[in-house]
Amino acid sequence: SQSSQDSDRCLLPDSTESNEDEGFPNFSTEAISNMNKIATAMISCGYEAECCMAYTCFRRNAFREVLNKLGFDSITIDDAHRMQWESLEREIGSWISIFKHCYRNLFPGERKFSDAIFSEYPSTSQRLFSELAAAVITPFLSFSEVIALTKRSAERLFKFLDMCETLNDLLTTIDDSYSKEISQDLTSEIAVVKSQLAEAAASIFCELENSIKSDQGRTPVPSGQVHPSTRYTMNYLKYACEYRDTLEEVFRFHHKNEGFDDAPNQENHDINEHLTEMPNDDGTPKKSPFAIELIAVMDLLDANLEMKSRLYRDPALRYVFLMNNGRYILQKIKGSNEIHNMMGVTWCRKRSTQLRQYHKNYQRETWSRVLQCISHEGLQANGKVVKAVLKERFKNFNALFEEIHRTQSTWVVSDEQLQSELRVSISAVVTPAYRSFVGRFKQYLEGRSMDKYIKYQPEDIETLIDELFDGNPMSMGRRRN
Amino acid sequence: MPATTDSSAAASFTNIGRSILSLRRDQVHSIEGMNMQHHDADTELESFQKRVTDRFLDLSSSSDELLTLSWVQKLLQSFLISQDEFRQILFRNKSQLHKPPMDRLIADYFERSVKALDVCNAIRDGIEQIRQWQKLIEIVLIALDNKKLIGEGHFRRAKKAMVDLAISMLDEKESGSALANRNRSFGRNNVRDNLHKSLGHFRSLSWSVSRSWSAARQLQAIGNNLNAPRSHEIMATNGLANLVFTMSFVLLFVMWALVAAIPCQDRGLQVHFSMSRQFSWAAPMLMLHERIMEESKKRDRRNASGLLREIYQIEKSTRLMNELLDSAQFPITEEKEGEVRQRVQELSMVFESIKGGLNPLEGQVREVFHKIVRSRTEGLDSLGKGNGPD
């Protein structure tokens, strides 16, 4: 208790009473009533200045304590600038959660508190609350502006977008519980900071385009598999689409800043093409800024895959590579609503058509010569089957088939459905053709030569086709019983 | 609250500069082709130097103005305009920027400017502190001004505010030392220590800088390795090295002067300022530096929390007022009352001189912050990785 010599002073309630779990600030009704009486008395007697200063001091220290308890460190900009990403990422996560806690949980309580204490003076309550809130918000804004300064690397995009979303969220809480002047001031400050983050985010995303373009990998992925950069890019884009709204805002801002209304780089893709090909469900053309960027990336990825496919000397493997990657891309898009909606049904349909074309091309490349071997044409001279030719045919068939089996069982089609589709469609063409060839012409081979030339039964062919695209190197010798 | 800055002339340039700088590299060539008429690089650089010189001559012209609020505002204004011109020249010479040694020089400048951001935050805290002093002065004025009859109650009220003010200004000085024990909590265990209950013991929400941050160290870091470019560097960069050096020095000086004027954590002013006299702006800048250093060494300013003229005025008038209030006995004589009114008048003038100036100043500091960030991010965009031909 206070000594009586300072009768014009009294102990302010201990700020450790405030407990954010039970509602902040947490004071007894009696305490609040006392504070209300003090404030009312002071202001009505002309001591508003002292009253407000004391209140401000009281509340700012309370907030400082809360924030310290929550572990809000003030890192200097220098530190933030130099930090390794793992630490910075943690700081950002912490920033987001503490900041949200402040403006969603603590501020409403704070406003109620000041309303209770300055019940007779609502404009004073509003002013004091606004000033306090602005003082709490300011260091958070400063930190986030600095984040926009840090290195622009791909993995940082999502944290930047998280911060944008937090700032948007904050904006929704700046309502008329704030005084007009402070509300305007805060809103414009937040807009500046958001714009810095948005520019950084746009820049990172555009960096993705550059990195695809500059990926001149000279080594083809073995076995025609899905290329790691395809996986990376598609996963990245899929994740990015979950931030669709924020990215729309980012690119709306970015395109506006670049001084043109619609699209970036014309030479990479024809924007008008996309305008008509990207309809909404009701058929109206969509030209959202983010969609344009997304399609730009997809186009670059396509071009890049096209280039990579030409590293394969075997045209059949080339098509398998294109099928693998195309299929992976399509499945990724179909598997996620967000990115599927962005790309649109028409785009997906076009992709499927393209995949079917690759499939056809593959089949032609690999199997047309095989089918020529077991064609019924050209075996007869003067109405009679020429045995030598027949034997040659079987020999060629066997050699070709074995070669294909040896090579293409090492190829990989990881998508099970695609793998099965390929096998089924090959088998559907080759097996019946072989069966009919053997059935028709085996009578012309006797005894030992039958075994020598008809190495495989139709069932064998079917079984061997089923081993294609497994990624298994298997020698024929071991296989045959 | 935002300052009405005079940068409308620069504004249109700013927008174009920003938008072009943020274009992707492969789009710039066509625009460069359009704009790159014969602009004489030398004239451009020379006129930049001249403008900087003129601004500093203007800043050093009136010794009465030195370190007043309006002088500090003028100082920040010249930084903002210089920075804008700097950006414009850089963007007009974009193709030069990734050639060595220019790439390193630019990167160095950006690093320095990032260090200045912390100073900006610390200065904002200092401005907030001055605002608190302004509020306490206001209480004194409310208590004593325009009263027909000054009663004992008014005196006590004014006295209390003066005590709080004195403690706050003292506190600020002490906390200027990073070594001071700053482990004071408000309203907790220190029941016996009344000092800690005073209104003057106001610590603003200084979360922007950590407890160990030091303005002195930061200034030294900004000025670290800041040497005039050698002739081979100047030739290799077509003179742009001088541009960067000039802007770096402007940055350093402005930050140093801010720290000198405004209260902030660990305000050491010993920064090495070796300016090569070959630059026309060196002379006025050096003179300003000398005069500010002189000011800091004066007997009654040596321990000031900040060299701002208005802070000095606060200190003087509050000291006089305190003496008066201390010596007053009730009932006071007419003579004493006359003295009181005089002091109140002086205090009122000090109050007025601060009142209109703090918010615009803070707005300018904010603008400096934003401009540095934006300039840095543009730098990152235009000088990003993969600088080779497309």
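Identification of chain A as Exocyst subunit Exo70 family protein from Citrus sinensis is taken from an unreviewed UniProt entry. Annotation of chain A in UniProt includes, under Sequence similarities (unreviewed entry), the sentence "Belongs to the EXO70 family." For chain A, the Function (unreviewed entry) comment in UniProt is given as "Component of the exocyst complex."

(A) Representation of the pattern of salt bridges. Inspection of the entire model under this criterion finds 43 salt bridges over all chains. Of the charged contacts in the structure, one is a salt bridge between A:E249 and A:K194, with a shortest N-O distance of 2.7 Å. Residue A:E249 is found in helix α9 (residues 244-257), and its partner A:K194 is found in helix α7 (residues 180-213); the two are separated by 55 residues along the sequence. Judged by its relative accessible area of 15%, A:K194 is buried. B:R124 is the partner of B:E362 in a salt bridge, and the nearest nitrogen-oxygen pair spans 3.2 Å. You can see B:E362 sitting in helix α12 (residues 334-382) and its partner B:R124 sitting in helix α5 (residues 102-144), a full 238 residues away along the chain. Among the ionic contacts, a cluster of salt bridges with common partners joins A:R60, B:R124, B:E128, B:R131 and B:E362.

(B) Just the packing of aromatic side chains, in detail. Overall, the coordinates contain 41 aromatic pairs over all chains when judged by the stated rule. Taking the centre distance of 5.1 Å and the plane angle of 85 degrees together, the rings of A:Y55 and A:F118 count as edge-to-face. Note that A:Y55 is positioned in helix α2 (residues 48-69) and A:F118 in the loop between α4 (85-117) and α5 (122-147), a separation of 63 residues in sequence. Plain terms: the ring middles of A:Y362 and A:F469 are 5.9 Å apart, the flat faces sit at 65 degrees to each other, and that makes the pair edge-to-face. Residue A:Y362 is located in helix α14 (residues 345-373), and its partner A:F469 is located in the loop between α18 (458-465) and α19 (476-479); the two are separated by 107 residues in the primary sequence. The same class applies to A:Y362 as to A:F469, namely buried. Among the aromatic side chains, those forming a connected cluster through ring pairs are A:F27, A:Y55, A:F58, A:F113 and A:F118. Looking at B:R157, its charged tip hangs above the ring of A:Y47, at a distance of 3.7 Å from the centre.

(C) A look at the domain arrangement of chain A. Domain boundaries in chain A define domain 1 (29-213) and domain 2 (364-466). Distance between the C-alpha centres of domain 1 of chain A and domain 2 of chain A: 74 Å.

(D) Representation of unusual backbone geometry within the structure. Residue and element names in this part refer to chain B. Looking along the chain, the bond that leaves P100 and enters P101 is cis, with omega of -5 degrees. The topology assignment puts P101 in the loop between α4 (69-92) and α5. A positive phi angle is found at L67, which is not glycine, with a value near 65 degrees. Note on placement: L67 falls in the loop between α3 (41-59) and α4. We classify L67 as buried; its relative accessible area is 2%.

Calculation notes
Residues numbered from 1 in each chain as written. Chains lettered and ligands numbered in written order. Predicted model: local features only at pLDDT ≥ 70, side-chain atom pairs only at ≥ 80, totals over all residues. Heavy atoms only, no water. UniProt positions renumbered as here; feature names shortened; annotations may be inferred. Salt bridge = Lys/Arg side-chain N within 4 Å of Asp/Glu carboxyl O. Helix = DSSP H or I, 4+ residues; strand = E, 2+ residues; numbered from the N terminus. Buried < 20%, exposed > 50% of the residue type's maximum accessible area, 1.4 Å probe, protein only. Phe/Tyr/Trp six-rings, centres within 6.5 Å; stacked < 30°, edge-to-face > 60°. Lys NZ or Arg CZ within 6 Å of the ring centre and 35° of its normal. Domains from an automatic or database assignment.

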